[in-house]
Amino acid sequence: MLKPSLVTAAVLHGLAVLGAGYVRSARAATLTVDSPTDDSSGCTLREAVISANENDAEGNGCASGDPGVDTIVFDATLSNEIITLGGNAISVTEDVIIEGGAAPGLAISGGGGRIVFQGTSASLTLRDLTIRDGYTDLADGAVTVNGGSLHVERVAFLDNASYSGAAITILGATSASIVNSTIANNTAAQLPGAVYVANATVSIINSTFTGNAVQYGGPTDLFANPGNASATIENSVLTGTCLGAITSSSSYFQDSSCGMPTGDPMLDSTLRTMGSPTPFFGLQVGSPLRDSGNQTICDGLATDQRGAPRSRDGDGMGGAVCDIGAIEVGDENAVPVELERFRVD
Ligand SMILES: [Ca+2]
Ligand SMILES: [Ca+2]
Ligand SMILES: [Ca+2]
């Protein structure tokens, strides 16, 4: 018979083994992209996603992926670089987080010849990235998912083009969200210009849609298939048009198709960067978006798209209330937005 101390030791050993097994099954890798190319030099974005998909280093210059949710980050030397894809879109087949915050100004480009990410039955999370110049003549977006989930946070989708849904096309998802993001200047042949949602419910929070277009008709900004999909828009600004099963609150629209029209949001006419991870449209002095958000909705957001703190007082009166859209600006009476630097309080 084992002495009690040995029994305890054996039990503890067993727990340690179980614990080790649990840690092993949940282990996830962090893979660092260090190449701005889409060839095989160093660890490219495409190679990092392959490692994350395959849970192997694949001998490609990246670390090995693991069965947990791997995170792909970018070396700081890739700041302000454009990774232009060649060949096909990058295929995401296993859960992954792709995060560009360590390389401010980094953009991933379809080079006007392909979409950027194609997710299949995987959870795809994108943060602090610019996705631009995706192109296809098919009904896909620069980011297209079918199954799994899609979460987009502090991402700028710019100048993508396709047959429909040029920025984001969701063909099916268990969950989907677009938060603190800018969807601008995307163009499709027809319905819709920017974001297409089917077989999913998408939540759009504190985001800015502007300058999106359709060539042959249909909504410019958002379509949620009323037969099988829906979209909720909160604390967001859309200057274009919408169609489908859409509900909205605490938002600012120029067109009644997206919700109650409220007028000109007074966005800046050009994109700014000012050292932030992604480009954005600032707010003109006097913009009605300032301090007009529902604070309960943005309570969960520590920052805006560029990383500036939420919420801040935009008019020197009434305390800190969040702004509608992707950007939170400071007190316009103290610091005009054009003079604001990154992360000013
Ligand atoms: Ca390589
Ligand atoms: Ca993996
Ligand atoms: Ca504010």
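What you see is a predicted model, and the numbers here were worked out from it, not measured in a lab.

*Asks:* Got a sec to walk through the overall build of the protein? Specific residues and values, please.
*Replies:* The secondary structure content of the protein amounts to three helices and 25 strands. Expressed as a percentage of its 345 residues, the buried residues of the protein come to 52%. The long-range share in the protein, meaning contacts at least 24 apart out of those at least 6 apart in sequence, stands at 66%.

*Asks:* If you had to explain the sheet that holds strand 11 (residues 161–162) to someone new, which residues and values would you point to?
*Replies:* Spatially, 11-15-19 is the arrangement adopted by the three strands of the open sheet, whose pairing is parallel. Edge positions in the open sheet fall to strand 11 and strand 19 (213–214), since each of these has one partner strand only. The sheet contact formed by strand 15 (residues 187–188) and strand 19 spans two bridges and is parallel. Paired with A188 across the bridge in strand 19 is V214.

*Asks:* Talk me through the pairing of strand 12 (residues 168–172); I want residue IDs and the actual numbers.
*Replies:* Of all five residues making up strand 12, four are buried, and the element is well covered by its neighbours. Note that strand 9 (residues 143–146) and strand 12 share four bridges and pair parallel. Its bridge partner being in strand 12, V145 is matched across the sheet by I170. As paired elements, strand 12 and strand 16 (residues 195–197) share three bridges and run parallel to each other. Residue pairing for strand 16: I170 is matched across the bridge by V197.

*Asks:* Just give me the short version of the nonpolar core, but keep the residues and values in it.
*Replies:* One finds V116, I170 and V197 to be the most contacted residues of the largest nonpolar core, which totals 89 residues. Looking at this core, the element that brings in the most residues is strand 10 (residues 149–158), giving six residues. Dropping the residues within four chain positions of it, V197 is found in contact with I170, V202, F223, A224, N225, A229 and A231.

*Asks:* Break down unusual backbone geometry for me, with residues and values.
*Replies:* With an omega of -20°, the peptide bond between L191 and P192 qualifies as cis. Assignment of secondary structure puts P192 in the loop between strand 15 and strand 16. Between R310 and the following residue, S311, the backbone shows a cis peptide bond with an omega angle of -10°. Positionally, S311 belongs in the segment after helix 3 (295–298).

*Asks:* Just give me the short version of helix 2 (residues 45–54), but keep the residues and values in it.
*Replies:* A large share of helix 2 lies buried, amounting to nine of its 10 residues. For helix 2, the full list of buried residues reads L45, R46, E47, A48, V49, I50, S51, A52 and N53. For helix 2, the secondary structure elements touched by its buried residues are strand 1 (30–33), strand 2 (70–74), strand 3 (82–84), strand 4 (90–92), strand 5 (96–99) and strand 6 (107–109). Looking one or two residues past helix 2, N55 carries a phi angle of roughly 55°, positive in sign.

*Asks:* Quick rundown of the environment of I108? Include the residues and the values.
*Replies:* Among the secondary structure elements, I108 is positioned in strand 6. Residues in contact with I108, not counting those within four places in the same chain, are L45, I83, V116, L129, T130 and I131.

*Asks:* Explain the pairing of strand 8 (residues 123–132) residue by residue, including any values.
*Replies:* Counting buried residues in strand 8 gives nine out of 10 residues, a clear majority hidden from the surface. As paired elements, strand 6 and strand 8 share three bridges and run parallel to each other. Counterpart to I108 in the pairing with strand 8 is I131.

*Asks:* Explain the sheet that holds strand 23 (residues 242–244) to me, using residue names and the numbers behind them.
*Replies:* Across a sheet, paired strands are connected by hydrogen bonds in the backbone, their directions being either parallel or antiparallel. Strand order across the open sheet formed by seven strands is 4-7-9-12-16-20-23, with parallel pairing between neighbours. Across the chains shown, the open sheet's two edge strands, defined by having one partner strand only, are strand 4 and strand 23. Averaged over all adjacent pairs, the angle separating strand axes in this sheet is 10°, with direction ignored.

*Asks:* How would you summarise the confidence of the model for the protein if you had to cite specific residues and measurements?
*Replies:* For the protein, the average pLDDT comes to 90, and 88% of its residues sit at 70 or higher. Confidence drops under a pLDDT of 50 for residues 1–24, and excluding neighbours within four residues, the segment shows two contacts in the predicted structure. Here residues 341–345 is modelled with pLDDT under 50, and outside its nearest four sequence neighbours on either side it reaches 11 contacts, counting other chains as well.

*Asks:* So, the environment of T120: which residues are in play, and what are the values?
*Replies:* The topology assignment puts T120 in strand 7 (residues 117–120). Taking the C-alpha atoms as reference, T120 lies 6.3 Å from V92; in sequence the two are 28 residues apart.

Parameters and conventions
Residues numbered from 1 in each chain as written. Chains lettered and ligands numbered in written order. Predicted model: local features only at pLDDT ≥ 70, side-chain atom pairs only at ≥ 80, totals over all residues. Helix = DSSP H or I, 4+ residues; strand = E, 2+ residues; numbered from the N terminus. Buried ≥ 20, exposed ≤ 12 C-beta atoms within 10 Å, placed from the backbone. Contact = placed C-beta atoms within 7 Å. Pairing = 2+ DSSP bridges. Core = buried A, V, L, I, M, F, W, Y, C linked by C-beta atoms within 7 Å. Axes fitted to C-alpha atoms, helices over the stretch in contact; angles between N-to-C directions. pLDDT = per-residue confidence, 0-100.

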